[in-house]
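# Structure assessment
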Amino acid sequence: MILTGYDREVYEAAGRVLRERRRTAESQAEKRRAVFYSVCPEVEELERRLAKTAVFSAKAVLGGKNAKEQLERLHEENRSLRSRISDLLRSVNMKAEDLEPIYHCEKCRDTGYVDGRMCSCLKIVLKEEAYNRLNALTPLSLSTFEGFSLDYYPDQPEHGSGRSPRSAMREILQNCRKYAETFSTASSQNLIMQGATGLGKTHLSLAVANEVLQKGYGVVYCSVNNLISRLENEHFGREETGDTGSLLESCDLLILDDLGTEFRSSFSVAAIYNIVNTRLLLRRPTIISTNLSMRELQDRYSDRFASRIAGNYVRLMFLGHDNRMQKLLYRHTKK
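Residues numbered from 1 in each chain as written. Predicted model: local features only at pLDDT ≥ 70, side-chain atom pairs only at ≥ 80, totals over all residues. Heavy atoms only, no water.

## Concerning the pairing of strand β3 (residues 190-194)
- Of all five residues in β3, five are buried, a share of seventy percent or more.
- Side chains Asn190, Ile192 and Gln194 project from β3 onto one buried face, and the interleaved Leu191 and Met193 project onto a second face that is buried too.
- Inspection of the sheet shows β3 paired to strand β7 (residues 313-317) by five bridges, in the parallel sense. Note on β7: the bridge partner recorded for Met193 is Leu316. (Buried < 20%, exposed > 50% of the residue type's maximum accessible area, 1.4 Å probe, protein only. Helix = DSSP H or I, 4+ residues; strand = E, 2+ residues; numbered from the N terminus. Pairing = 2+ DSSP bridges.)

## Quick notes on the confidence of the model for the protein
- A residue-level look at the protein finds 83% of positions with pLDDT of 70 or above and a mean pLDDT of 83.
- Segment residues 329-335: pLDDT under 50, and one contact once partners within four positions in sequence are set aside and those in other chains are kept. (pLDDT = per-residue confidence, 0-100. Contact = heavy atoms within 4.5 Å.)

## Thoughts on helix α5 (residues 165-181)
- When the terminal C-alpha atoms of α5 are compared, their 24 Å separation across 17 residues agrees well with the 24 Å that a helix rising 1.5 Å per residue should span.
- Three or more residues of α5 are buried, namely Pro165, Ala168, Met169, Ile172, Leu173, Cys176, Tyr179 and Ala180. Projected down its long axis, α5 carries its buried residues within an arc of 140°, all on one side.
- Here the buried face of α5 lies against β3, α6 (201-214), β5 (253-259), β6 (286-290) and β7. (Expected span 1.5 Å × (residues − 1). Arc of directions from axis to C-beta.)

## Observations concerning the nonpolar core
- Ranked by size, the top nonpolar core spans 41 residues in total, and within it Val276 and Phe305 carry the most contacts.
- Apart from the residues within four sequence positions on either side, Phe305 is in contact with Leu259, Ile272, Tyr273, Val276 and Leu297.
- In terms of nonpolar packing, the next biggest core, distinct from the first, is built from 27 residues, Ile172, Leu173, Met193 and Phe318 among them. (Core = buried A, V, L, I, M, F, W, Y, C linked by side-chain atoms within 4.5 Å.)

## Digging into the side chain of Ser143
- The topology assignment puts Ser143 in the loop between α4 (120-134) and α5.
- When residues no more than four places from it in sequence are discounted, the contact partners of Ser143 are His203, Leu206, Ala207 and Asn210.

## Quick look at the packing of α5 against α6
- Look at α5 against α6: their axes get within 9 Å of each other, and the N-to-C directions meet at 20°. Classed by the angle they form, the pair α5 and α6 counts as roughly parallel. Taken as a pair, α5 and α6 cross one another with a handedness that is right-handed. On α6, the residues that touch Ile172, Leu173, Cys176, Tyr179, Ala180 and Glu181 of α5 are Leu204, Val208, Glu211 and Val212.
- The class makeup of the residues in the contact of α5 with α6 is eight nonpolar, no polar and two charged. (Axes fitted to C-alpha atoms, helices over the stretch in contact; angles between N-to-C directions. Parallel < 35°, antiparallel > 145°, perpendicular 65-115°, else oblique. Left-handed = near helix turned anticlockwise from the far one by under 90°. Nonpolar A, V, L, I, M, F, W, Y, C, P; charged D, E, K, R; others polar.)

## A few points about the environment of Glu171
- Considering the arrangement of structural elements, one finds Glu171 in helix α5.
- For Glu171 and Leu316, which are 145 residues apart along the polypeptide, the C-alpha to C-alpha distance reads 9.5 Å.

## Notes on the packing of aromatic side chains
- Throughout the structure, instances matching the rule amount to five aromatic pairs.
- One cation-aromatic arrangement involves Arg304 over Tyr273; the distance from NZ or CZ to the ring centre is 4.2 Å. (Phe/Tyr/Trp six-rings, centres within 6.5 Å; stacked < 30°, edge-to-face > 60°. Lys NZ or Arg CZ within 6 Å of the ring centre and 35° of its normal.)

## With respect to unusual backbone geometry
- Not every positive phi belongs to a glycine, and Asn93 is a case in point at roughly 55°.
- Following the sequence through the fold, Asn93 ends up in the loop between α3 (67-91) and β1 (113-114).
- In this structure Asn93 comes out as exposed when scored by relative accessible area, which is 75%.
- A positive phi is found at Ser302, a non-glycine position, where the angle reads about 125°.
- Position of Ser302 relative to the elements: it lies in the loop between α10 (294-301) and α11 (303-312).
- Looking at Ser302, the relative accessible area reads 28%, which means it is partly exposed.

## Considerations on the pairing of strand β4 (residues 219-223)
- Burial within β4 is extensive, with four of its five residues counted as buried.
- As paired strands, β4 and β5 are joined by five bridges and run parallel to one another. Its bridge partner lying in β5, Cys222 is registered against Leu256.

## Topic: the environment of Lys201
- Mapped onto the secondary structure, Lys201 falls in helix α6.
- The class for Lys201 is buried, based on a relative accessible area of 5%.
- The sequence separation of Lys201 and Thr290 amounts to 89 residues, and the corresponding C-alpha distance is 8.1 Å.
- Within the structure, the side chain of Lys201 is placed 2.8 Å from the backbone oxygen of Ala196, a separation counted as a polar contact. (Polar contact = N/O pair within 3.5 Å; in protein donor to acceptor, adjacent residues only side chain to side chain.)

Here it is in structure tokens:
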């Protein structure tokens, strides 16, 4: 899917990435060439003579008289010069390609365009930059599976429940690990993480995001509250035109954090339904975290929305007490 409508900052950032790639490739080629010249100083003279044969060949063609004989002599001299340069390259374990820039993208030579059309590499960089901006305020680096502790979950069954929060959360942790390890746009399911505040929904969804990103997939992680603000600003023209909606629909994995904390309006309800429904139609996996029950989702967003979630998402029910309070109590008892 080709995405259009990126804002100016995204295009500028992508341009900087390509310029830096091109500068690096050409700078490294110059360094390799300088080393070759320092070891084999006669190469510079050989290359000057090569340049002269090209000029003389052009003059011979224009001159007409004895052109064939001159061209044959110049071509032979050209082959001899190139053969000598090749011998010198082999003597220092180098190839002719080592003297040329090794571009990240050989099709466009890191310019972003081929015959006036946008290169696929620029499209990829644009998408990556757009993802980076959506993820900019997310502490992705702060949450990992290794950092998720089960110590803060009670090991005794809760009232009216046949299992302990620790047992339930151990299973959820394992499921999330497996989900991230085996993630695939073709087969991964949708998840909805439900439970009270402070039970680790954000932590585990961020851990999934981290690992899936490491596999090279495009992940967009955002709080629903921030997402709706951005969509409203774009929709009502309060900021430069962007294409957040298309990014949310097309990314490999979308993680919507804190569904239900956003200001409720007809716009927000419709926007959230459209995003979730479109990704279902496109068969692109989504993870949602929310403090709301299924009944509360139904009341807040509509029967149709709740039905889509119930029929197409795997539910992970988080149990326990607010971990932030548990951590404070744990630290206090350790003093």
